[in-house]
Every structure is written in C-alpha cells, then in structure tokens.
Amino acid sequence: MSLRWGVAGLGRGASFVEWISAIEGCEVVAVCDSNEAALERFGGLETFSDYEEFLDKAALDVVAVITPGPAHGPQSVAAMEAGLHVLCETPCVYSIAEAEAVVSTSRRTGLNFMLAEDYIWMNWTQQLKKLVDTGRLGDIVFAEAEYTHDCRGGMLIDAEGKHHHASEWGTRDDLKPAWRAGDLPPLFYCSHTLGPLLYLMEDRCTTAIGLHTGARVAPGVCPVDMESGLLQTAAGRAIRLTNGFCIAHPFSLFTGLYGTRGSIRMVNLGGLEVKAWFEDEATGSDWQNLDMDYDQREDGRHWVTVMLEEFVAAIRTDTAPPLDAARSMDYTLPGICAHMSAEQGGQPVPIPDMRQI
Ligand SMILES: NC(=O)c1ccc[n+]([C@@H]2O[C@H](COP(=O)([O-])OP(=O)(O)OC[C@H]3O[C@@H](n4cnc5c(N)ncnc54)[C@H](O)[C@@H]3O)[C@@H](O)[C@H]2O)c1
C-alpha cells in the first residue's frame, strides 16, 4: 500500500513535494502552509492553512515538517501524537526540553522520527566515510567544520510573506525580521557541519563551549552574525564548529579531519577542493588532491532521494531510521548547548544523551 504523505511548509517544502512524489510507493496527498497564497499552486492536493486541522482531517501516514525552525519540535510531537511518522528539517528542536519531548514521544508511540540532515547522503560525505573507514587517517583526534553563508537577502519578511534584504530594514513599516534572522542563533543550524563529522567518526558530543559576535552586520535584524562552538566528544575527541549567516560572503563550507596518521581538509568556495595527507603513503610533504564531486553521488541518484528511500524503508520494515530520534538530537543539541554557553560568557554546558531519558 502506498505511504500517504503530508508536507507542512511550502518554501523548501515545495521541493519535498516533488522529491517524495518521485519515490516508489509514496504519494503526497496533502500540504499545509499558514500562508494561503503558498497553497495556490497545489490545487490537485488537499490543502490546509491550519496545522492541527491538517493532522486531523488529511488521511496521512507520514508528515514532512519543513516549516520554520521554531515550529519543528511542537509540530513533530503533535504529528506523532496523531499517529504519524515524522521527517523533520533542520533544526529539528529549539531546546533540550523539546528534544526530550520528541524522543520520548517517538519512543512511546513507536513512530519513526528522523532529522532530514541531507548532507549525510551527499557525495563528499559518502566518499570521506569510505576513506575514514579504511583507517588511513588512523584515529581521528580533532575535527572541525564551518558553514558560513550570506543569507541577508531573505532576512526580512513583509505582510504577504515575501522576503527582503536586511538592508531594507527601517524603510517600510510592514517589514520584520524573518525567523532565519531573528530566531536562528547560527549554531542552532549546526547539523550541516556537525552531522557529517559525527557520521564519519560515529561519535557524539558531551560538553559544549560557545562564543558569538552579537550583531554588527545587520543590527536590529539579525542578533548574532557568527558563532563558534568547541565540543568534547564521548570518545575524547575535540570538535570546533563555526556558523554564520549574517555575513559578507557567499556559500562557504569547510571540513577538517585530523587523525593520528593523516589529515583531510575540504573546502567548498563555490567549487570543491579536498586535500589529504596520509603518513604511511607520503613520499614528501605535498598534500594529495582527492578528486571528488561535492553533492552529485557516484550512483547518479539525488542525495535527498536516497535519504527519503532509507527513511521509507525503515517505516515499511518497522525498523529504526538511519537517524533515529536520539541520533537526530546528537546532531542538533550540541549547537543549542554551545549557544547557551555563549549566552553565559562561555561556561561549559553539558549535552544530555537522549538515550538516557
Ligand atoms: N537542508 C537544507 O539544505 C535546507 C535548505 C533550506 C532550508 N532548510 C530548512 O527547511 C525549513 C524551511 O525553510 P524555508 O527556507 O523553506 O523557510 P521559509 O520561511 O522560506 O518557508 C517556510 C514556509 O512555512 C510556512 N509556515 C510558517 N509557519 C507555519 C506553520 N506554523 N504551519 C505551516 N506552515 C507554516 C511559511 O508560510 C512558509 O511558506 C527550515 O527548517 C530550514 O532550516 C534546509
């Protein structure tokens, strides 16, 4: 029988409608967006502007929660309470209490909850995973990642839900900071940086220290320009993360892995460059170039399609998804705890293990 999906939030969620519809044995039967104008292009489906009514009246098996971040925790819990599996965009919760609510609801209901951290299924992560698993780096002792990206173009929102550049602040009465400006501390969006590191190392974080810049790029619109976290892991490694979205440069992603027998440094500044040094194979001091595509997988499949297929397979076989609720929180809570630390002047903040609640 076909799995009946509902998609909530039709910004990025509009792409999810297409991606899910292309998966064998899945159909999108209903969509929900609080902005009725966003529903107009989905005339062939059941449409809802009220999320509770969407859960109540649409005949669904699964919900994709692709709404603004602050809504994710409560909307995911409500969907599971309504008997539905949940795939949720990042950040999937906004506090430790929300993480506990999501994990305990998934456990009690037996329904699958998964963070849609698509970077895990991208080619670069898959290629680095194969390489790390060969042991050529030895044990990884330190890892770092940065995701910085000028998102000022969408940081204000008008009364009709249209986005505007942060530089328009103060020019019109109806402009207010969009959620991604006013309500997204940069490290809350840590799963694109931390997720791949934890996936590669099969580790989790236990303590966070954070510092942030406050608002200097677009004061009044974006409260924090850039934020860094230092994380201790359960296996005794250290991790450094940096995120910033109110910043004067385009997309930039950096990842570094430092092992007992080698290192890898990967940077994407609009094009991917990956350099590696393996002690056992080195003939001089030159770094090797590792030739790999950034997101296009070797099997030719779209990384989000593979993520969706693995999530659907878990539902069909009644098994845990690749990122179950507790693992989803491993990818999310360290950023929240590092931000809490930054707000307390850099005091260490313990990161709870959601398997222990
Ligand atoms: N994985 C990625 O690479 C990636 C990329 C972009 C966005 N995202 C994530 O996807 C999510 C959505 O981001 P976006 O850029 O589409 O945001 P957006 O603000 O552009 O769109 C969100 C949509 O949700 C609707 N909405 C708001 N509150 C709602 C509610 N309570 N119920 C139903 N609908 C509601 C809005 O009207 C809007 O149409 C976020 O969590 C974001 O972090 C992930």
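About the cut-offs
- Residues numbered from 1 in each chain as written.
- Predicted model: local features only at pLDDT ≥ 70, side-chain atom pairs only at ≥ 80, totals over all residues.
- Heavy atoms only, no water.
- Pairing = 2+ DSSP bridges.
- Helix = DSSP H or I, 4+ residues; strand = E, 2+ residues; numbered from the N terminus.
- Core = buried A, V, L, I, M, F, W, Y, C linked by side-chain atoms within 4.5 Å.
- Buried < 20%, exposed > 50% of the residue type's maximum accessible area, 1.4 Å probe, protein only.
- Domains from an automatic or database assignment.
- Contact = heavy atoms within 4.5 Å.
- Buried area = accessible area lost by both parts, 1.4 Å probe.
- Near = heavy atom within 4 Å.
- Polar contact = N/O pair within 3.5 Å; in protein donor to acceptor, adjacent residues only side chain to side chain.
- Areas by Shrake-Rupley, 256 points an atom, 1.4 Å probe, with all protein chains shown as cover.
- Nonpolar A, V, L, I, M, F, W, Y, C, P; charged D, E, K, R; others polar.
- Salt bridge = Lys/Arg side-chain N within 4 Å of Asp/Glu carboxyl O.
- Phe/Tyr/Trp six-rings, centres within 6.5 Å; stacked < 30°, edge-to-face > 60°.
- Lys NZ or Arg CZ within 6 Å of the ring centre and 35° of its normal.

(A) The sheet that holds strand β13 (residues 238–244), seen in detail. Ordered by their spatial adjacency, nine strands build an open sheet running β17-β16-β15-β14-β7-β13-β12-β11-β18, and the pairing between neighbours is mixed. Sheet topology places β17 (288–289) and β18 (349–350) at the edges, where each strand pairs with a single neighbour. Sheet analysis places strand β7 (residues 140–148) next to strand β14 (residues 252–259), joined by eight bridges and oriented antiparallel. Looking across to β14, one finds that Glu-144 is bridged to Gly-256.

(B) Summary view of the nonpolar core. Within the largest apolar cluster, 116 residues are counted, with the highest numbers of intra-cluster contacts made by Trp-5 and Phe-16. No other element matches the eight residues that helix α9 (residues 303–317) contributes to this core. Looking at this core, you find at least three residues from each of domain 1 (3–117) and domain 2 (120–301 + 320–350). With residues near it in sequence (within four places) discarded, Phe-16 still touches Val-7, Ser-21, Ile-66, Leu-87, Glu-89, Ala-116, Val-304, Met-307 and Leu-308.

(C) Local environment of the domain arrangement of the protein chain. Domain assignment breaks the protein chain into domain 1 (3–117) and domain 2 (120–301 + 320–350). Summarising the inter-unit geometry, the C-alpha centres of domain 1 and domain 2 are found 25 Å apart. At the interface, 20 residues of domain 1 touch 26 residues of domain 2. A buried area of about 1900 Å², summed over both sides, lies between domain 1 and domain 2, and 71% of it is on carbon and sulfur atoms.

(D) Structural detail: the site of the ligand. Around the ligand sit 20 residues, and of these Arg-12, Asp-33, His-72, Thr-90 and Arg-180 come closest. Between an oxygen atom of the ligand and a side-chain N or O atom of Asp-33, the distance comes to 2.6 Å. One of the backbone nitrogen or oxygen atoms of Thr-90 is found 2.7 Å away from an oxygen atom of the ligand. Burial of the ligand by the protein amounts to 78% of the accessible area it has alone, namely 860 Å². Residue assignment for the shell around the ligand shows that the elements contributing at least two residues are α4 (72–81) and α7 (179–182). The class makeup of the residues in the shell around the ligand is five nonpolar, ten polar and five charged. A domain-level breakdown of the shell around the ligand finds at least three residues from each of domain 1 (3–117) and domain 2 (120–301 + 320–350).

(E) Structural detail: the pattern of salt bridges. The final tally for this structure, using the stated rule, is 25 salt bridges. Residue Lys-57 pairs with Glu-53 through a salt bridge whose shortest N-O separation is 3.3 Å. Of this pair, Lys-57 and Glu-53 both sit in helix α3 (residues 51–57), separated by four residues, roughly a single helical turn. Arg-301 is paired through a salt bridge with Asp-299; the nearest N and O atoms lie 3.8 Å apart. Residue class for Arg-301 comes out partly exposed when judged on its relative accessible area of 33%. Taking relative accessible area as the criterion, Asp-299 reaches 40% and is therefore assigned partly exposed.

(F) Up close: the packing of aromatic side chains. Enumeration according to the criterion identifies twelve aromatic pairs in this entry. On the numbers, 6.3 Å between centres and 65° between planes, the contact of Phe-251 with Tyr-294 is edge-to-face. Pair noted here: Phe-251 is in the loop between β13 and β14 and Tyr-294 is in the loop between β17 and α9, with a separation of 43 residues, a long-range link. For Phe-251, a relative accessible area of 23% translates into the label partly exposed. When its relative accessible area of 13% is taken as the criterion, Tyr-294 is described as buried. An aromatic cluster is built from Trp-124, Tyr-147, Tyr-189, Phe-245, Phe-251 and Tyr-294, whose rings are joined through pairwise contacts. Cation over ring: Lys-129 sits above Tyr-199, and NZ or CZ is 5.4 Å from the ring centre.

(G) Quick look at the side chain of Ser-328. Among the structural elements, Ser-328 can be located in helix α10 (residues 325–330). Take Ser-328: its relative accessible area is 0%, and that puts it in the buried class. Here Ser-328 is in contact with Cys-92, Phe-113, Met-114, Leu-115 and Leu-323, once residues within four sequence places are set aside.

(H) The arrangement of the side chain of Asp-330 in detail. Summarising the element assignment, Asp-330 is placed in helix α10. Engagement of the side chain of Asp-330 in a polar contact is seen with the side chain of Arg-327, the distance being 2.9 Å. When near neighbours in sequence (up to four residues on either side) are disregarded, Asp-330 contacts Leu-194, Leu-198, Arg-204 and Arg-355.

(I) Quick look at the pairing of strand β15 (residues 262–268). With five of seven residues buried, β15 lies mostly within the body of the structure. Both β14 and β15 contribute to a ladder of six bridges, which runs antiparallel. Bridged to Thr-255 within β15 is Met-266. The loop that links β14 with its antiparallel partner β15 comprises two residues. Across seven bridges, β15 lies against strand β16 (residues 272–278) in antiparallel orientation. Its bridge partner being in β16, Met-266 is matched across the sheet by Val-274. Adjacent in sequence and paired antiparallel, β15 and β16 are bridged by three residues, among which Gly-270 carries a positive phi angle near 85°.

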